[in-house]
Structures are given as structure tokens and as C-alpha cells.
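As a plain string of letters, each chain reads:
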2 protein chains.
Amino acid sequence: MKIGILGTSIVGKTLAGKLSSLGHDVMIGTRDPVATRARTAPGSFGEPPLSAFLADQPAVTLGTFAQAAAHGEAVFNATSGQATLEALALAGAANLDGKVLVDLSNPLDFSRGMPPSLTVCNDDSLGERVQRAFPGVKVVKTLNTVNAYLMVAPGQLAGGDHTLFVCGDDAGAKAWVTTLLRDGFGWRDVLDLGGIAMARGTEMYLPLWVRLYGALQNPNFSIKVVR
Amino acid sequence: MKIGILGTSIVGKTLAGKLSSLGHDVMIGTRDPVATRARTAPGSFGEPPLSAFLADQPAVTLGTFAQAAAHGEAVFNATSGQATLEALALAGAANLDGKVLVDLSNPLDFSRGMPPSLTVCNDDSLGERVQRAFPGVKVVKTLNTVNAYLMVAPGQLAGGDHTLFVCGDDAGAKAWVTTLLRDGFGWRDVLDLGGIAMARGTEMYLPLWVRLYGALQNPNFSIKVVR
């Protein structure tokens, strides 16, 4: 199917590569496609710049946020938490309405150094803010608790014996996302926490995640809910 | 050794029973021992009242917060998060100074219904507040991420194949606590996150914990850090 991905970071590129390899017609959206394509520096995690990625992935196209949102029958938000609401505004409610929006963002604030704090937490979440800002969209929060490589290849760690969370208000949207996570990405344990307000729980896990990253010195970890 | 436990809830009682069974000389502290002993209603989790617990555990004694703190060579804070700083003030810095204080509290606010929110998070934590209020005490935050029964019997779930976190500024205090957790309680995977500021991570996991409890309808779960 046609999928739009908002954001060109390691998360957006990794998702795009995986979804394209599964046969989906993927367009990545960015604020300024010409400027993004012109960049030659490696990404934040040392990965090749988007131009090199696109050269390796001829089936993946690049457009504006609005073009990618219009292209997708489902849309993935892979922008940083600080940029999410603006990127979605640029994508446009008319291009998103009625669609599943898979929200991977975390409201991380790096401005005060490491480890980052959250810009929203406790009595609200970024997932809820997105849902409130775009009431016609079926927001499903997931994939925000693991690093990019693990996201689409959970089996590389402990044979996939760890847990991913989903939440959202639309049962059909969650069912579609869960099938993609299981059959497409290989997640064996997808745990449905409930409505989009449950995003407070998974986003507030991030302060533990960043400290585990610090203690383990390696982002290739995950948690298994043992029950 | 002599151990003081502050708090008479299911957490305090479960800890007291386990530590006494390990041969330690345990005194539980409460605000008003006469009133606490006179209560006949079951505890919040349906467990027997403290009087029945003490009748079953003749080696465990009951005193004020100050008496229990003075009794202990190490002290466990098992009061609710909202009561913690006041209970420790009643225990008295002079009775705590120089000792290990194992802090199990979580800053949960149930006043707005379920699931609870946190009274402190993101740029501070209750563990840090305790350490700042009692700079002469060696605070070790641990055991706040699992329910009371699992705390002292991790092996009952998946043979103990799940993770417990410790953090604190004093390496010797953490080493003592870790040995007790491993050899006394049976924790196989005790992960040291660093200084007491890492309590922000484990306390902010609670919003996920309470939502997992809601989704699983059973508190007998834990997380394993798969790495």
C-alpha cells in the first residue's frame, strides 16, 4: 500500500527501507526536499545522508510533508518530538484526515544536556496532543520505546523475546498496526495498553530508557514485560 | 543485623517478614504505634492488619518512626510517596545520619483517580529530594518498580528472570543493598543505573507500571531489560 513517512532521521530512513522491502510504496516527507537532498554530511547516528539512502532505495521517493501525507494511505510520524506538531501542521489535516497515523515521536528536550527531559509528561502526552490537534486522524502510538534498528528487526535481539506497546483510540487502526508489527516487522509480543492517553506511560518510560542507554552504553536493548 | 522499616503498609510488612526470616532484628516504625496496633481492618490490599502480622511474627517489634530509625543499622523507607518526607522528618536526621536508607517510595498522587500521576518528575525525583533533605544519609533507591510480594520473592515469576534497578551516590551502600537483593531476596539481575539522580528514570517508569497493571489486570509482573 501507499505509505507516507514524515521525517528523514535514522528513524524515518530505517522505517522507509523496511516498509519498501515489504513491498509498500513509500514517500518520505521533509520540510524542504531540495535542501534535505543536498545535504552530504552523515546523519546524527553516523548513518549515510538521505541522498545516499535514496540512491540505494530507488523505490522510495521524497517530497514535502504535505506530499508525503497526501501520498500515504497510512502515515508514520518519525519527526523529533519538538518538531512533531509543526511538521503535522505542514502535512495538513486535509491530507491526514481519516488515515492511520503511527506516532513514533517522543517529547525529548536535549536543550539542557544529557540525559534529556520531557517537554510534556505526567498529565498529558505528545500522543494525546497529536490526537487533539488532529481529531480526524486515527493516532496509534508505538515503536517509541526502542531504537531505530530494533524497531524493524526485533528478532536481532534475544530472538525477538521482548515487548512492544501500542495504544490508540481506534481499534481498527490498532489492529492494522499490530498486524504490520507482527507479520511485517517480526514483533512477537505486542501489548495493547488501551486508548491514546496510555501514551503517557510509554513516553514516560523514555527517561528510564535514556538512563539504561547510559548504563549499558549501547542502544540495542529492549524490555520484556514478564508476566 | 538491626534493621528499621518505616511504614506499615503491605510493603513494610512484606519486607519485615522477609528480613526477619533472614535472621535480621527488625523494628517497624509508624507515626502512632498504639493507634496502628489497635486497627483491626484489613490493609489496602486485603492483607491482615498489622496486629495480626505482629502476632505471627513475634521477632518483629513495633515503634515510632524515630525508634525504628534509631534501632536500624540500615533503614528501609516503605512509606507512601506523599508521606515520605514527613515520615523521615519524624524519624529524625540524628537517627538516620551515616546509615544506608533504602528508599522504596514512589511519588504517586491518587487524588485525581486512577491511574495516578506523579507529584514530582522529569527535572527532579523523590529519591533526590530525600537525599537533599538528609545529606548525611546514604540513600539507595530500589524495589520501587515491582509489587510487594515480588519484591522479596522475584523467583516466583519466570524463575526470577527479570530486572531490578538500583541507584544511589554511595558505592558502598549500593554494594550492601545489592548483596542483600541477590543473596537475601533472590534477585538475579540487579542493574546499577548510577547516582541517585537516576531515580528520575525508575520513578518515571511508574506511569507505565500502573498502565501495565491496568492492561494485565494483575500486579504480578516485572520487566526484564533484554540486552
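So, a few notes on the structure that sits alongside this text. Here the residue numbers are simple positions, counted from 1 along each chain's written sequence. Chains carry letters and ligands carry numbers; both start at the beginning, A for chains and 1 for ligands, and go up in the order they are written. Where totals are concerned, whole chains, interfaces and linings use all residues; where local detail is concerned, this predicted model gives features only for residues with pLDDT of at least 70, and gives and counts side-chain atom pairs only at 80 or more.

A few words on the overall build of chain A. The number of helices and strands found in chain A is eleven helices and eleven strands. Its C-alpha atoms give chain A a radius of gyration of 16 Å, within 12% of the compact-globule value 17 Å for 227 residues. Residue burial in chain A is summarised as follows: out of 227 residues, 49% are buried. By the criterion used throughout, residues are in contact when their C-beta atoms, derived from the backbone, lie within 7 Å. Residue pairs in contact within chain A that sit at least 24 positions apart in sequence constitute 75% of those at least 6 positions apart. The secondary structure listing takes helices from DSSP runs of H or I that are at least 4 residues long and strands from runs of E that are at least 2 residues long, numbered from the N terminus. For the radius of gyration, the atoms used are the C-alpha atoms, and the globule rule reads 2.2 Å times the number of residues raised to 0.38. Residues with at least 20 neighbouring C-beta atoms inside 10 Å of their own are called buried, those with 12 or fewer are called exposed, and the rest are partly exposed, where every C-beta is derived from the backbone.

Before going further, it helps to examine unusual backbone geometry. Glycine aside, a negative phi is what most residues show, and trans is what most peptide bonds show. Residue Pro-115 of chain A follows Met-114 of chain A across a cis peptide bond; omega there is -10°. In this fold, Pro-115 of chain A is placed in the loop between strand E6 (108-109) and strand E7 (117-118).

Below, the discussion takes up the pairing of strand E2 (residues 25-30) of chain A. Residue and element names in this part refer to chain A. Counting buried residues along E2, five of its six residues qualify, which places the element largely inside the surrounding structure. We call two strands paired when DSSP finds no fewer than two bridges between them. Bridge count for strand E1 (residues 2-6) against E2 is five bridges, and the pairing is parallel. What sits directly across from Ile-3, in E2, is Val-26. In this view, the connection linking E1 to its parallel neighbour E2 by way of helix H1 (residues 10-21) has right-handed handedness. Summarising the sheet, E2 and strand E3 (residues 61-64) pair through four bridges and their orientation is parallel. When the sheet's bridge partners are listed, Thr-30 is paired in E3 with Thr-64. With the strands aimed away from the viewer, a crossover counts as right-handed if its path from the first strand over the helix to the second runs clockwise.

Turning next to the sheet that holds strand E8 (residues 138-142) of chain A. Residues and elements named next belong to chain A. The eight strands are arranged E3-E2-E1-E4-E5-E8-E9-E10 in an open sheet whose pairing can be described as mixed. Two strands in the sheet have a free side with no partner beyond their single neighbour: E3 and strand E10 (189-194). On average, each strand axis in the sheet is tilted by 25° relative to the strand beside it, whichever way the strands run. Every axis in this analysis is a line fitted to C-alpha atoms, fitted for helices over the stretch in contact. Angles between the N-to-C directions lie between 0 and 180 degrees. Relative to E2, H1 is tilted by about 165°, and along the sheet it contacts E1, E2 and strand E4 (74-77).

It is worth spelling out the sheet that holds strand E10 (residues 189-194) of chain B at this point. All names here are of chain B. Strand order in the open sheet formed by eight strands is E3-E2-E1-E4-E5-E8-E9-E10, with mixed pairing between adjacent strands. The sheet terminates laterally at strand E3 (61-64) and E10, the two strands that pair on one side only. With strand direction ignored, the average angle separating the axes of adjacent strands in the sheet is 25°. Helix H7 (residues 126-133) contacts strand E5 (100-103) and strand E8 (138-142) of the sheet and is inclined by roughly 170° relative to E8.

It is worth spelling out the relation of the copies chain A and chain B at this point. Structural alignment of chain A on chain B gives an RMSD of 0.0 Å, achieved by rotating through 180° and translating 0.0 Å along the axis. Taken together, these values place the two copies in the relation of a two-fold axis. Same-surface contact between copies: 100% of interface residues of chain A are shared with the interface of chain B. Each copy is superposed on the other by least squares, with the fit set by C-alpha atoms of residues at a pLDDT of at least 70 in both.

Glancing now at the interface of chain A and chain B. Every contact between the two is made by 33 residues of chain A and, on the other side, 33 residues of chain B. Contributing elements (two or more residues each) for the side of chain A that touches chain B: E7, E10, helix H10 (199-204), helix H11 (206-216) and strand E11 (222-226) of chain A. If one sorts the elements of the side of chain A that touches chain B by residue count, H11 of chain A sits on top with six residues. The residue inventory of the side of chain A that touches chain B, partitioned by class, reads 18 nonpolar, eight polar and seven charged. Direction of pairing for E11 of chain A relative to strand E11 (residues 222-226) of chain B: antiparallel, over a ladder of five bridges. By the bridge assignment for E11 of chain B, Ser-222 of chain A is matched with Val-226 of chain B. Residue type decides the class: Asp, Glu, Lys and Arg count as charged, Ala, Val, Leu, Ile, Met, Phe, Trp, Tyr, Cys and Pro as nonpolar, and the leftover types, Gly among them, as polar.

Right, let's get into the packing of helix H5 (residues 84-91) of chain B against H7 of chain B. All names here are of chain B. Look at H5 against H7: their axes get within 11 Å of each other, and the N-to-C directions meet at 25°. Classed by the angle they form, the pair H5 and H7 counts as roughly parallel. Every pair of crossing elements has a handedness; the one defined by H5 and H7 is right-handed. Counting all contacts with H5, which are made through Thr-84, Leu-85 and Leu-88, the residues of H7 involved are Leu-126, Arg-129, Val-130 and Ala-133. Residue composition of the contact of H5 with H7, by class: five nonpolar, one polar and one charged. Any angle between 65 and 115 degrees counts as roughly perpendicular, while under 35 counts as roughly parallel, over 145 as roughly antiparallel, and the rest as oblique. Helix crossings are classified by the rotation of the near helix relative to the far one: an anticlockwise turn of less than a right angle makes the crossing left-handed, while a clockwise turn makes it right-handed.

Turning our eyes to something else, we now look at the environment of Lys-13 of chain B. Residues and elements named next belong to chain B. Its place among the elements puts Lys-13 in helix H1 (residues 10-21). Among the residues examined, Lys-13 registers 27 C-beta atoms within 10 Å and is labelled buried. When the C-alpha positions of Lys-13 and Lys-2 are compared, they lie 16 Å apart, and in sequence the two are eleven residues distant. What Lys-13 contacts, discounting residues up to four positions off in sequence, is Thr-8, Glu-47, Leu-50 and Phe-53.

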